[in-house]
Amino acid sequence: MLMIYSLLKSRKLTVVLFIAFLPLIIIEAETRSLPGYIFIGFAVPLIVNLLLCLLDHLKRIEKWTVYRIGFVLFHASFLVMITGGILTFFTYRIAYIEIAEGNGFTDQPQYYNGWRQKFGEHTGTGIKIFVKKIVLEFWDNGQVKDFYNEIIILDDDKTTDARLKVNGSIKYKSLLINMARFYGLAPYFTVNTREGNKSGHVTIRSDEKSSEFIIPLLGHKAFAYFEDINDTGIKITILGDRGKIFKKSMKVGDIIKLEKGTLELKKIDIWNGLTVVRDSGKGITYIGFIIFLVGLAIYYIRVFIGKEKNG
Amino acid sequence: MAEFEKTLLFASIIICAVSSVLHIVGWIFNKESIFRSGRALIWLFFVLNTATIAVRWRYAGHGPYITIYEVLMSHVWIATLFFLIISSKWKGLKVIGVFAMPIIFLSIGAVTMAPAEASKLTPAYRSIWLIMHVLFAKLAYGSILVATALSLTVILRAYINNERHTYIGHLPEAERADILSYKMIVASLFFASIMIITGSIWANQLWGKYWGWDPIEVWSLVTWIIYGLYLHLRITFKFKGVKAAFYVMFAFIVSVFSFFIMPFFMTTVHNSFMKFIE
């Protein structure tokens, strides 16, 4: 028992663990395939080792000095950062939505285009987010000059207006709303059939300039294209019954007659991708960052200005 | 404007090469005047490098922190400035220019391998966190460069007889070089920590996650751990002298791999800044 305790509080073990950590993170960066429990399994002995080393160090301190405080702080910060990292690992969820200007969504899985979480069954917060305006301006060479969303957050009876920028995520309660990198045109179609009608946006990414979709009610596969973000029309290809192909340039108001119904282009909006993130560990990790920098600065300042200035 | 920038860049590369050669010749053949000419040329190189960056800044309309070309170019600028300050401030360190200048020459050589097209200032780059991230990456590289040159001194002092090879006697004493190298690594770890932290804050603002397993991100962490281990070994196990100097050389190779080689060969957000929201 004593041997295990001595091993766990050994400072040589810290070196071994950090060296072992190197191939692990390189493999993960290359393959993105290592299961999380390997990292958790690795973090446990590291936490125990750090904790025991710290306690051992604290026991041996006879007189507190500024340097000692720095030493304890920057070592303790690792524990804080690892705790934050583990919390992030277990609580992180990210949802992605492609949303056209003038539309809204609710923070619930069924509203999103993608929803990823590692643990648990989150049902979302129910907070509503409405994209009032998307501002997208370009430089002469086609690169983006300005890009932001004017959004409204609706939570119970409370309404909050906010500007969501590329470098300015919006924190609202436990959610962090970010702009994702994708944007483009979103033609709004209405399908009319004898059985009824249905309307909706098709989002076309600016980098791909085409999008494949299935026309609801009719079931035909179709492709929508645009060439420039300022286009006032789109091109569409529909794979009809018995191999029949419809190709057409459409302006707003144009209607394509198909065998079992019609497809009308009602309007063309602009859309962009947003991500909505929930991460309970981030704040703790950031606190760890601050403690680390403060501790490191306090501890090593002696190398430059204290009695150890000359070694 | 771009042609003028190119002319300045190539002039700076030639001056850097000449400075490196003069440093080495002056040092080995004990010719003080040649060595001093090499030293003077560092200032000329620095002026030319500054002018190259200034010209680009003027026509691109933003600082040198967006494309890989600009980032590497400003890495060299800060590393040179760092070396000039340290070698002027601490006595007897001018001689380590024999190691620092060839490394700077190779670094500026890497700049020419990067695509030189300028990018406009897109919204993703308008972040104080990004500017801090890039700035501290440069400071980390500058201090690593000086630490490496000092460690090389320790190794040469240990393995080359300075009675037969008198030029070795011009190098700083091994013990002093070792201590100064340690100081530079302390500084580099601090700068690298701020670089990683500010980078993660910027990534969080941009993508909603502070760690994305990007190859450069990971290799920066690997470099950070390697330098962190050096300090841990030094404090805990009195790791110093030649062994420590060899360790620093190894760490330098890893850091060059992270800073200069990875962006050319890996698909990473660090080499696709221009692609982001084009």
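Thresholds applied
Residues numbered from 1 in each chain as written. Chains lettered and ligands numbered in written order. Predicted model: local features only at pLDDT ≥ 70, side-chain atom pairs only at ≥ 80, totals over all residues. Heavy atoms only, no water. Helix = DSSP H or I, 4+ residues; strand = E, 2+ residues; numbered from the N terminus. Rg over C-alpha atoms; globule rule 2.2 N^0.38 Å. Contact = heavy atoms within 4.5 Å. Areas by Shrake-Rupley, 256 points an atom, 1.4 Å probe, with all protein chains shown as cover. Phe/Tyr/Trp six-rings, centres within 6.5 Å; stacked < 30°, edge-to-face > 60°. Buried < 20%, exposed > 50% of the residue type's maximum accessible area, 1.4 Å probe, protein only. Lys NZ or Arg CZ within 6 Å of the ring centre and 35° of its normal. Expected span 1.5 Å × (residues − 1). Salt bridge = Lys/Arg side-chain N within 4 Å of Asp/Glu carboxyl O. Polar contact = N/O pair within 3.5 Å; in protein donor to acceptor, adjacent residues only side chain to side chain. pLDDT = per-residue confidence, 0-100. Buried area = accessible area lost by both parts, 1.4 Å probe. Nonpolar A, V, L, I, M, F, W, Y, C, P; charged D, E, K, R; others polar. Axes fitted to C-alpha atoms, helices over the stretch in contact; angles between N-to-C directions. Parallel < 35°, antiparallel > 145°, perpendicular 65-115°, else oblique. Left-handed = near helix turned anticlockwise from the far one by under 90°.

### Considerations on the overall build of chain B
Phase 1 of the analysis: A tally of helices and strands in chain B yields eight helices and zero strands.
Phase 2 of the analysis: Its helices and strands in sequence order give chain B the pattern α-α-α-α-α-α-α-α, from N to C terminus.
Phase 3 of the analysis: The C-alpha atoms of chain B give 19 Å as radius of gyration, which agrees with the globular expectation for 278 residues (19 Å, within 12%).
Phase 4 of the analysis: For chain B, the spread of C-alpha atoms along the three principal axes comes to 60 × 50 × 30 Å.
Phase 5 of the analysis: Intrachain contacts of chain B at a sequence separation of at least 6 include 80% that bridge at least 24 residues.
Phase 6 of the analysis: Total accessible area on chain B is roughly 11000 Å²; 70% of this is exposed by carbon and sulfur atoms.

### Topic: the packing of aromatic side chains
Phase 1 of the analysis: A full pass over the atoms with the stated rule returns 33 aromatic pairs over all chains.
Phase 2 of the analysis: An angle of 50° between the planes, with centres 5.7 Å apart, marks the rings of Phe74 of chain A and Tyr299 of chain A as tilted. With Phe74 of chain A in helix 4 (residues 66–91) and Tyr299 of chain A in helix 5 (residues 282–305), this residue pair connects regions lying 225 residues apart in the sequence.
Phase 3 of the analysis: Here the aromatic rings of Phe105 of chain A and Tyr112 of chain A are separated by 5.5 Å at their centres, their planes lie at 65°, and the arrangement is edge-to-face. For the pair Phe105 of chain A and Tyr112 of chain A, a shared accessibility class is recorded, and that class is buried.
Phase 4 of the analysis: Members of the aromatic cluster, joined through ring pairs, are Phe18, Phe71, Phe74, Phe78, Phe292, Tyr299 and Tyr300 of chain A together with Trp224 of chain B.
Phase 5 of the analysis: The aromatic ring of Trp139 of chain A is capped on one face by Lys145 of chain A, whose charged end is 4.9 Å from the ring centroid.
Phase 6 of the analysis: The ring of Phe182 of chain A has Arg205 of chain A lying over it, and the distance from NZ or CZ to the ring centre is 3.8 Å.

### Things to note about helix 1 (residues 2–28) of chain B
Residues and elements named next belong to chain B.
Phase 1 of the analysis: Spanning 27 residues, helix 1 covers 39 Å between terminal C-alpha atoms, matching the ideal 39 Å at 1.5 Å per step.
Phase 2 of the analysis: Taken as a whole, helix 1 has its buried residues at Glu5, Leu8, Leu9, Ser12, Ile13, Ile15, Cys16, Ser19, Ser20, His23, Gly26 and Trp27.
Phase 3 of the analysis: Looking at the buried positions of helix 1, the neighbouring elements they touch are helix 2 (32–60), helix 3 (68–89), helix 4 (97–113) and helix 5 (128–159).
Phase 4 of the analysis: Downstream of helix 1 by one or two residues, Asn30 has phi in the positive range, about 55°.

### Details of the pattern of salt bridges
Opposite charge on two side chains makes pairing possible when the charged atoms of those side chains draw close.
Phase 1 of the analysis: Inspection of the entire model under this criterion finds 18 salt bridges over all chains.
Phase 2 of the analysis: Residue Glu227 of chain A pairs with Lys235 of chain A through a salt bridge whose shortest N-O separation is 3.0 Å.
Phase 3 of the analysis: Classification of Lys235 of chain A by relative accessible area gives partly exposed; the value is 40%.
Phase 4 of the analysis: In this structure, the salt-bridge partner of Arg56 of chain B is Glu5 of chain B, at a minimum N-O distance of 3.2 Å. Of this pair, Arg56 of chain B sits in helix 2 while Glu5 of chain B sits in helix 1; the two residues are 51 residues apart in sequence, bridging distant segments of the chain. Both residues of the pair, Arg56 of chain B and Glu5 of chain B, count as buried.
Phase 5 of the analysis: One connected set of salt bridges, linked through shared partners, spans Lys9, Asp56 and Arg60 of chain A.

### What about the environment of Asn167 of chain A?
Phase 1 of the analysis: Examined against the element boundaries, Asn167 of chain A turns out to sit in the loop between strand 6 (158–165) and strand 7 (170–172).
Phase 2 of the analysis: Residue classification places Asn167 of chain A among the buried positions, given a relative accessible area of 12%.
Phase 3 of the analysis: For the pair Asn167 of chain A and Phe147 of chain A, spaced 20 residues apart in sequence, the C-alpha to C-alpha distance is 9.8 Å.
Phase 4 of the analysis: Once residues lying within four places of it in the same chain are set aside, the contact partners of Asn167 of chain A are Pro123, Ala124, Tyr125, Arg126, Ser127, Trp202, Gln205 and Leu206 of chain B.
Phase 5 of the analysis: A distance of 2.7 Å separates the side chain of Asn167 of chain A from the backbone oxygen of Ala124 of chain B, its partner in a polar contact.

### What to know about the confidence of the model for chain B
In low-pLDDT segments, the atomic positions of the prediction should not be examined closely.
Residue and element names in this part refer to chain B.
Phase 1 of the analysis: The predicted model of chain B averages 89 in pLDDT, with 95% of residues at 70 or higher.
Phase 2 of the analysis: Per-residue pLDDT, averaged within each element of chain B, yields its smallest value for helix 8 (residues 241–265) (88) and its largest for helix 2 (95).
Phase 3 of the analysis: Contacts of residues 271–278 to residues separated by more than four positions or lying in other chains number 28 contacts, the stretch itself having pLDDT below 50.
Phase 4 of the analysis: The complex prediction reports pTM at 0.85, with the ipTM value standing at 0.83.

### Some words on the interface of chain A and chain B
By a widespread convention, an interface's size corresponds to the accessible area lost as its parts come together.
Phase 1 of the analysis: Across the contact, 57 residues belong to chain A and 51 residues belong to chain B.
Phase 2 of the analysis: Regarding the contact of chain A and chain B, the summed buried area is about 4600 Å², with carbon and sulfur atoms giving 69% of it.
Phase 3 of the analysis: By the criterion of area lost to chain B, the three top residues of chain A are Gln143, Asn167 and Arg181 of chain A, representing 15% of everything that side buries.
Phase 4 of the analysis: Between chain A and chain B we count one salt bridge in total.
Phase 5 of the analysis: Residues Asp146 of chain A and Arg126 of chain B are paired through a salt bridge, measuring 3.7 Å at the closest nitrogen-oxygen approach.
Phase 6 of the analysis: Linking chain A with chain B are 14 residue pairs in polar contact (both at pLDDT 80 or more), by the criterion used here.
Phase 7 of the analysis: Listing elements by their share of the side of chain A that touches chain B, those giving two or more residues are helix 2 (11–31), helix 4, strand 5 (144–155), strand 8 (175–193), strand 16 (261–278) and helix 5 of chain A.
Phase 8 of the analysis: Taken together, the residues of the side of chain A that touches chain B sort by class into 30 nonpolar, 14 polar and 13 charged.

### Brief notes about the packing of helix 3 of chain B against helix 4 of chain B
All names here are of chain B.
Phase 1 of the analysis: Put simply, helix 3 and helix 4 touch, their axes get as near as 9 Å, and they point 165° apart. In terms of orientation, helix 3 and helix 4 fall into the roughly antiparallel class. Remark: the crossing between helix 3 and helix 4 carries left-handed chirality. When helix 3 is examined against helix 4, the residues Tyr69, Leu72, Met73, Val76, Thr80 and Phe83 are found in contact with a partner set consisting of Gly97, Ala100, Ile104, Ser107, Ile108, Ala110 and Val111.

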